[in-house]
Amino acid sequence: MRIAMIGTGYVGLVSGVCFSDFGHEVVCVDRDPSKIDALTAGRVPIFEPGLEDLMRRNVEAGRLSFSGDLAAAVAGAEAVFIAVGTPTRRGDGHADLTYVMGAAAEIAAALTGHTVVVVKSTVPVGTNRQVAEAIRTARPDADFDIASNPEFLREGAAIDDFMRPDRVVVGVESDRAAEVMAEVYRPLFLREFPIVTTSLESAEMIKYAANAFLATKITFINEIAALCEATGADVKSVAKGMGLDNRIGRTFLHAGPGFGGSCFPKDTRALARIGQEHGTPMRITETVIEVNEAMKRRMIEKLRELLDGSFNGRTIAVLGVTFKPNTDDMREAPSLTIVPALVGGGARVRVTDPQGRREGEALLPGVTWAEDAYAAADGADAVVILTEWNEFRALDLKRITRSGPRVLADLRNIYDAETAAEAGFAAYAGVGR
Ligand code: UDX
């Protein structure tokens, strides 16, 4: 099957590469010539484990190519995926559909033969229908169907999530579109991964509901963590005790500095906005957004307390600034709230991150970048673990205390008070314990 993937951002690139690995013939299209040049030269613009290899293999097999020519890619394709960005619109929290509607217009002009236009971008409920109408108005003669196919990829585990999904969600209005989508996902279908086929609106809603629910789960445990600190309970035990109940489940109950990333913050805001527009406020989601912001600020107060009330003149090593490990993505990372508060409070901040520097340098002014955790900690007063990269999980803590730091703030609960004390730290703080 021939597929055109419009947009080579995170979702588009991962999906395009994986579809080609299924055996489909895929052309990934982007209007940014520098991106197409880099991809054609075999360079992947994002850090995603396994992606570059998979991309190379499929390019070599002749199934995957990159192009700036949308019209040519669409003309030859049986399925055209829209995977362009839907950032939060300034001011109102709504998802900005400029790129989606722009892509739809260009696709409309290029349609030949029967084509399924598939919206993969996360879009407000009702957008798929709007896209279909826009195409129909522009090209009343075109033979096309619309499908909604939201993605559930986690950064850092995207290939695995794509190849072994918990489910694939497909929203369609016609049998013809359902058949093409079944063909697109045939390898997963054969391996009996659940494919949920539903209406356009339900597919759109599943994506927002799933992300808002996960964001709620994290925020719930973060709030419980705050209460654990006040009451003497340990959130790790609480999460375990809760999570063993099958109805609750163990995942997404790690207390931390608050969620970030390209999806949860944006999608919770968009869902809240959709609720307001329909006169059905999403009060839980609205509260989650507020509490998550408060959680990030709570971390600043926790650090201040740990440093006896002031950051002024202290040297602080920050380990990890990306919103989570195995990504170079800094979007809405808790570090963007926490690090500036340290710098603003008069601390000298030394930062290290295995992948975050490229993006982080511009986003975190006033910090010094260090090669690794030991260089960052050398001579510092305190060490703050913000992102749980593997290389921070088995640090030689004694080596760190020998080089100066006496305070360990472990905002991902990797270590515990006993281990920290044994290594020579005078003070330790986790989250919720
Ligand atoms: C998420 C969803 O998991 C994915 O299905 C969706 O389509 C896109 O958004 P992603 O943003 O890549 O994926 O990361 P994820 O691993 O879900 O983590 C999101 C944030 O929550 C991170 O900041 C992470 O640190 C935080 N988190 C996650 C916690 O604080 N505790 C947890 O238990 C889990």
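Residues numbered from 1 in each chain as written. Predicted model: local features only at pLDDT ≥ 70, side-chain atom pairs only at ≥ 80, totals over all residues. Heavy atoms only, no water.

Undergrad: Got a minute to help me understand the site of the ligand in this structure?
TA: Taken together, 18 residues surround the ligand, and among them Phe152, Glu155, His254, Cys263 and Lys324 come closest. Note that an oxygen atom of the ligand is positioned 2.7 Å from one of the backbone N or O atoms of Glu155. Notes on the ligand: free accessible area 660 Å², of which the protein chains cover 92%. If you tally residues by element for the shell around the ligand, the top one is helix α10 (residues 200–231), at three residues. (Near = heavy atom within 4 Å. Polar contact = N/O pair within 3.5 Å; in protein donor to acceptor, adjacent residues only side chain to side chain. Areas by Shrake-Rupley, 256 points an atom, 1.4 Å probe, with all protein chains shown as cover. Helix = DSSP H or I, 4+ residues; strand = E, 2+ residues; numbered from the N terminus.)

Undergrad: Before we go on, may I ask you to explain the packing of α10 against helix α13 (residues 283–306) in this structure?
TA: How two helices pack is summed up by the angle between their axes together with the distance between the axes. Packing of α10 against α13 brings their axes to within 9 Å, and their N-to-C directions diverge by 45°. In terms of their interaxial angle, α10 and α13 are classed as oblique. Both α10 and α13 take part in a crossing whose hand is left-handed. Seen from α10, the contacting residues are Ala212, Ala215, Thr216, Thr219, Asn222, Glu223, Ala225, Ala226 and Glu229; seen from α13, they are Ile284, Thr285, Val288, Val291, Asn292, Met295, Arg298 and Lys302. Among the residues making up the contact of α10 with α13, the classes are represented as eight nonpolar, five polar and four charged. (Axes fitted to C-alpha atoms, helices over the stretch in contact; angles between N-to-C directions. Parallel < 35°, antiparallel > 145°, perpendicular 65-115°, else oblique. Left-handed = near helix turned anticlockwise from the far one by under 90°. Contact = heavy atoms within 4.5 Å. Nonpolar A, V, L, I, M, F, W, Y, C, P; charged D, E, K, R; others polar.)

Undergrad: Honestly, the domain arrangement of the protein in this entry has me stumped. Any pointers?
TA: For interface size, the figure often reported is the accessible area lost on association. According to the domain assignment, the protein contains domain 1 (2–198) and domain 2 (200–433). Taking only C-alpha atoms into account, the centre of domain 1 sits 32 Å from that of domain 2. The three residues of domain 1 that bury the most area against domain 2 are Phe47, Val125 and Glu155, which together make up 28% of that side's buried surface. Summed over the shared surface of domain 1 and domain 2, the result is three salt bridges. The residue Arg129 makes a salt bridge to Glu201 at a minimum N-O spacing of 2.6 Å. The set of elements that each furnish at least two residues to the side of domain 1 that touches domain 2 consists of α6 (127–138), β6 (144–148) and β7 (168–172). Here the element with the most residues in the side of domain 1 that touches domain 2 is β7; it accounts for four residues. A per-class count over the side of domain 1 that touches domain 2 returns 16 nonpolar, twelve polar and seven charged. (Domains from an automatic or database assignment. Buried area = accessible area lost by both parts, 1.4 Å probe. Salt bridge = Lys/Arg side-chain N within 4 Å of Asp/Glu carboxyl O.)

Undergrad: Would you take a moment to explain the packing of aromatic side chains for this structure?
TA: Centre distance and the angle of the planes are the two values used to describe a pair of aromatic rings. The tally for this structure, following the rule as stated, stands at eight aromatic pairs. Considering the side-chain rings of Phe19 and Phe162, the 5.2 Å spacing of their centres and the 85° angle between planes classify their relative orientation as edge-to-face. With Phe19 in helix α1 (residues 10–21) and Phe162 in helix α7 (residues 158–163), this pair connects stretches of sequence that are 143 residues apart. Here Phe19 matches Phe162 in class, with each residue buried. Aromatic pair Phe252 and Phe264: ring centres 6.2 Å apart, planes at 65°, arrangement edge-to-face. Of this pair, Phe252 sits in the loop between α11 (235–243) and α12 (264–277) while Phe264 sits in helix α12, placing them twelve residues apart in sequence. By relative accessible area, Phe252 is classed as partly exposed at 27%. Here a set of aromatic residues connected by ring pairs shows up, and it is made of Phe19, Phe22, Phe81, Phe162 and Tyr185. Of note, Arg167 hangs over the ring of Phe152, and the distance from its end group to the ring centre comes to 3.6 Å. Note that Arg399 overlies the ring of Tyr374, its terminal NZ or CZ placed 3.8 Å from the centroid. (Phe/Tyr/Trp six-rings, centres within 6.5 Å; stacked < 30°, edge-to-face > 60°. Buried < 20%, exposed > 50% of the residue type's maximum accessible area, 1.4 Å probe, protein only. Lys NZ or Arg CZ within 6 Å of the ring centre and 35° of its normal.)

Undergrad: Got a minute to help me understand the nonpolar core in this structure?
TA: Most often, soluble globular proteins have nonpolar side chains that are buried together. If you look at the biggest cluster of nonpolar residues, it comprises 41 residues, and the most contacted ones within it are Phe19, Phe66, Phe81, Met181, Val184 and Tyr185. If one sorts the elements of this core by residue count, α1 sits on top with seven residues. Not counting the four nearest positions on each side in its chain, Phe19 is found in contact with Ile3, Met5, His24, Val26, Phe81, Phe162, Val184 and Tyr185. Ranked by size, the runner-up nonpolar core spans 34 residues in total, among them Val235, Ala239, Ala382 and Leu386. (Core = buried A, V, L, I, M, F, W, Y, C linked by side-chain atoms within 4.5 Å.)

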